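# Survey of secondary and tertiary structure
Listed below are the residues making up each chain.
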Amino acid sequence: MITITDGQTDLIVDDIHEDFFWDDRHYQSMKDTLETFDFTTFADKPFSKHLTKRNRVIIPGEDGEFIEFIIQNTRKYRNTNGGLFMDVYTYASYIELRTAKVIRPQTLQGATAKSAAEFAVADTEWQVGQVDYAGIRTMSIENHTNPYSLLKQIASKFGLELRFRIEHDGNQITGRYVDLIERVGDWKGREVEFGKDLLGIERKEDTSNVVTALVGLGPEREDGTRLEVFVEDKEALARWGRNGQHIIDVYEPQSADTEMTESRLRELTQNELEKRVNSVVEYVGDIADFEKVPGLEHEKIRFGDTIKIKDTGFNPPLYLEARVHTQERSIKKSGRKTVVLGDYIEYTEEEVKAIWKSLQAQIAKKI
């Protein structure tokens, strides 16, 4: 069910049973750090009056946890039969950390991920939960920022990932926690195959951001001058160039360091070029979710998990190891998920066969 809480007191004001909502969509994405929950319900039931005024809704996660969202907007309408309905659009409550307070530029010396995160969420309704130790760093906050942006900066600095969760006692929220862990999701040995549990696979390739060279411009100095460097990739030029001409763009690092050296500017520009010399490839898969089928409880897929995909009917045959970067599911209708894959490794059929032959040889040797 969907639980509705008061946006100011956190008290639970009503519930919506699964018979009274439909077309629900829980969307999570690492790529754009977005999490939303949308659904359609009746606009003339006792619970309907609570679906407004930035009240909140709580839905069940996939493993017994709870997820909290803030009602962003609603749309009421009447159909041709006279029924009164409403579409409800919400976003994850942790996004509100963007407007919880303003953090001024400063330096956090000798910070751990935990101490930095505690500084970020201090005086907010969130607290730090599980934190995996990742050493000690110096955090430089160069511009005015907010707790949410700083948490993302901390996670990046320490090589960790953010996970937000809530706890409640059946009457109201009792705690909101942010975890910084090594990795959201896991490798559970899950393999999906077309004709079995892979219902469809789509490969998208985008070359709109490809360049083969960049002109890097440093921050403006006090005398009005700026450093300028040129970096190129000749291999990319051979792949993408036309008549030997570079595809070139200007890059300005987001930095206020007016004393930036030429070597530092060249390094930053080179790093940016490496991100843009290849086309952006994305795989979108429609996967049957078998974990609710008796005997197949182990066939689970979670947000952030690494999975393997096999489609020999693809041209060329597709053998893919990738991470679930985006997931869309229904809390009401289990059995199917749409996922977008990232951090992928593509294998050719020859590579897969070579790996299989190698494993066979190792097994034969052990026998």
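Residues numbered from 1 in each chain as written. Predicted model: local features only at pLDDT ≥ 70, side-chain atom pairs only at ≥ 80, totals over all residues. Heavy atoms only, no water.

As a further point, take empty space enclosed by the protein. If you walk through the whole model with that rule in mind, you get one cavity of 30 Å³ or more. A volume near 50 Å³ is recorded for the largest cavity. For the largest cavity, the full set of lining residues is Glu35, Phe66, Ile67, Glu68, Ser93, Tyr94, Trp126, Phe164, Arg165 and Ile166. If you list the elements that add at least two residues to the lining of the largest cavity, you get β6 (66-78) and β11 (161-168). Taken together, the residues of the lining of the largest cavity break down into six nonpolar, one polar and three charged. (1 Å grid on protein atoms, 1.4 Å probe; cavity = no way out; pocket = protein on both sides within 12 Å on 5 of 7 lines; lining within 4 Å. Points joined across faces, edges and corners; volume = space filled by probe spheres on them. Helix = DSSP H or I, 4+ residues; strand = E, 2+ residues; numbered from the N terminus. Nonpolar A, V, L, I, M, F, W, Y, C, P; charged D, E, K, R; others polar.)

This brings us to helix α4 (residues 262-276). In an α-helix, one turn spans 3.6 residues, which is why side chains three or four residues apart end up on the same side. Between its first and last C-alpha, α4 extends 21 Å over 15 residues, near the 21 Å set by a 1.5 Å rise per residue. Turning to α4, its buried residues are Leu265, Leu268, Thr269, Glu272, Leu273 and Arg276. End-on, the buried residues of α4 take up no more than an arc of 140°, which puts them together on one face. Exposed side of α4, more than 90 degrees from the buried face: Ser263 and Glu274 are the residues found there. For α4, the elements touching its buried residues are β15 (213-217), β16 (228-232) and β17 (248-251). (Expected span 1.5 Å × (residues − 1). Buried < 20%, exposed > 50% of the residue type's maximum accessible area, 1.4 Å probe, protein only. Arc of directions from axis to C-beta. Contact = heavy atoms within 4.5 Å.)

In terms of nonpolar packing, the biggest core is built from 48 residues, with Ile2 and Leu51 touching the most fellow members. Broken down by element, this core gets its largest block of residues, six residues, from helix α2 (residues 147-158). With residues near it in sequence (within four places) discarded, Ile2 still touches Asp14, Asp15, Ile16, Phe21, Phe37, Phe39, Val57, Ile58, Ile59 and Ile331. Within the second largest apolar cluster, 15 residues are counted, among which are Leu318, Leu320, Val324 and Leu341. (Core = buried A, V, L, I, M, F, W, Y, C linked by side-chain atoms within 4.5 Å.)

All right, on to the environment of Tyr319 then. Within the element layout of this structure, Tyr319 appears in strand β20 (residues 318-329). The spacing of Tyr319 and Glu346 is 27 residues in sequence and 6.0 Å in space, taken between C-alpha atoms.

What follows concerns the layout of surface pockets. The computed volume of the largest pocket comes to approximately 1,000 Å³. Together, 36 residues line the largest pocket, and Gln28, Leu162, Arg163, Val184 and Phe303 are the ones closest to its centre. Secondary-structure elements contributing two or more residues to the lining of the largest pocket are β3 (21-29), β4 (34-42), β6, α2, β11 and β20. For the lining of the largest pocket, the element with the highest residue contribution is β11, accounting for five residues. Taken together, the residues of the lining of the largest pocket sort by class into twelve nonpolar, eight polar and 16 charged. Quantified by volume, the second largest pocket comes out at close to 420 Å³. Lining the second largest pocket are 13 residues, with Ser140, Ile141, Glu142, Gln153 and Gln254 positioned closest to its centre. Those elements that provide at least two residues to the lining of the second largest pocket are β10 (137-141) and α2. Looking at the lining of the second largest pocket residue by residue, the class counts come to two nonpolar, nine polar and two charged.

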